[in-house]
Amino acid sequence: MGDIDSKEFVLAGVVMKRLLSGEQTAGQFCLFENKSGGNTRTPIHVHARDDETVYIIEGELTAVIGGEPRRLSAGESIFLPRGIPHQLMNMSGSPCRYILIGTPALFDRFLEEAGHELQPGEVVGPPTPEEIERLREASPRFGVTLLPDWPPPK
């Protein structure tokens, strides 16, 4: 079995702790525990090659799927199929923790390229222009299409 390093990454202002990588599951899925501080929103995006399942541990998260918002609170989950534009946001001002499962495992590799490793003492805020650029560059290689209105105009 691979090492259980639980690396933490940052993408779109969310801290994502890798619990299982594709290497550990023979590529079948990857598993993350994610934390949003209460003011995060992913770009609206579409996955071509993987599906996502989200389960809320604490707090609340709004999933927008194909333009329809759905508010999820602790204990609720949602399936985000490939091919359908979606966005995850927590603008509640309160922290949210949730499990993210990517099937098959692709998101873990995407995150290594599109995000960055959490540094000791790092204070995570809204994505910088450099972080947005890195996300834009990595996305096409993983079958992820970012849709235009992100980040939102000031």
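Preceding block: the structure.
Before going further, it helps to spend a moment on the sheet that holds strand 11 (residues 96–103). Strand order in this open sheet of seven strands is 9-6-11-3-2-1-12, and the pairing throughout is antiparallel. Of all strands in the sheet, those bounded by a partner on one side alone are strand 9 (77–80) and strand 12 (116–117). Strand direction decides the pairing type here: strand 6 (residues 51–58) and strand 11, joined by seven bridges, are antiparallel. Bridge assignment links Glu 58 to a residue of strand 11, and that residue is Arg 97.

A cis geometry characterises the amide bond from Thr 103 onward to Pro 104, with omega recorded as -15°. With respect to the helices and strands, Pro 104 occurs in the loop between strand 11 and helix 1 (107–114). If you check the backbone angles, Ala 12 has positive phi at about 50° while not being a glycine. Summarising the element assignment, Ala 12 is placed in the loop between strand 1 (8–11) and strand 2 (14–20). Residue class for Ala 12 comes out buried when judged on its relative accessible area of 10%.

Before going further, it helps to examine the environment of Gln 28. With respect to the helices and strands, Gln 28 occurs in the loop between strand 2 and strand 3 (30–36). What makes Gln 28 exposed here is its relative accessible area of 55%. With residues up to four places along the chain from it excluded, the contact list for Gln 28 reads Gly 102, Thr 103, Pro 104 and Ala 105.

A separate point is the packing of helix 1 against helix 2 (residues 129–138). Here helix 1 crosses helix 2 at 135°, and the two axes come no closer than 8 Å. Taken together, the axes of helix 1 and helix 2 are oblique relative to one another. In this structure, helix 1 meets helix 2 at a crossing whose hand is right-handed. When helix 1 is examined against helix 2, the residues Phe 110, Glu 113 and Ala 114 are found in contact with a partner set consisting of Glu 131, Arg 134, Leu 135 and Ala 138. Considered class by class, the residues forming the contact of helix 1 with helix 2 number four nonpolar, no polar and three charged.

Calculation notes
Position numbers for residues count from 1 along each chain, tracking the sequence in the order it is written. Totals for whole chains, interfaces and linings use all residues, but because this is a predicted model, local features are given only for residues with pLDDT of at least 70 and pairs of side-chain atoms are given and counted only at 80 or more. Values shown for side chains rest on all heavy atoms present in the structure; no hydrogens or waters enter the calculation. Pairing between two strands is assigned when DSSP locates at least 2 bridges connecting them. Strands here mean DSSP runs of E at least two residues long; helices mean DSSP runs of H or I at least four residues long; both are numbered from the N terminus. Relative accessible area decides the class of each residue, using a 1.4 Å probe on protein chains only: under 20% of the type maximum gives buried, over 50% gives exposed, and in between gives partly exposed. Throughout, a residue-residue contact means that at least one pair of heavy atoms, one from each residue, lies within 4.5 Å. Angles run from 0 to 180 degrees between N-to-C directions of axes, and those axes are lines fitted to C-alpha atoms, restricted for helices to the stretch in contact. Roughly parallel here means an angle under 35 degrees, roughly antiparallel means over 145, roughly perpendicular means 65 to 115, and every remaining angle is called oblique. Left-handed is the label given to a crossing in which the near helix is rotated counterclockwise from the far helix by less than a right angle, and right-handed is the label when the rotation is clockwise. Under the scheme applied here, ten amino acids are nonpolar (Ala, Val, Leu, Ile, Met, Phe, Trp, Tyr, Cys and Pro), four are charged (Asp, Glu, Lys and Arg), and all others, including Gly, are polar.

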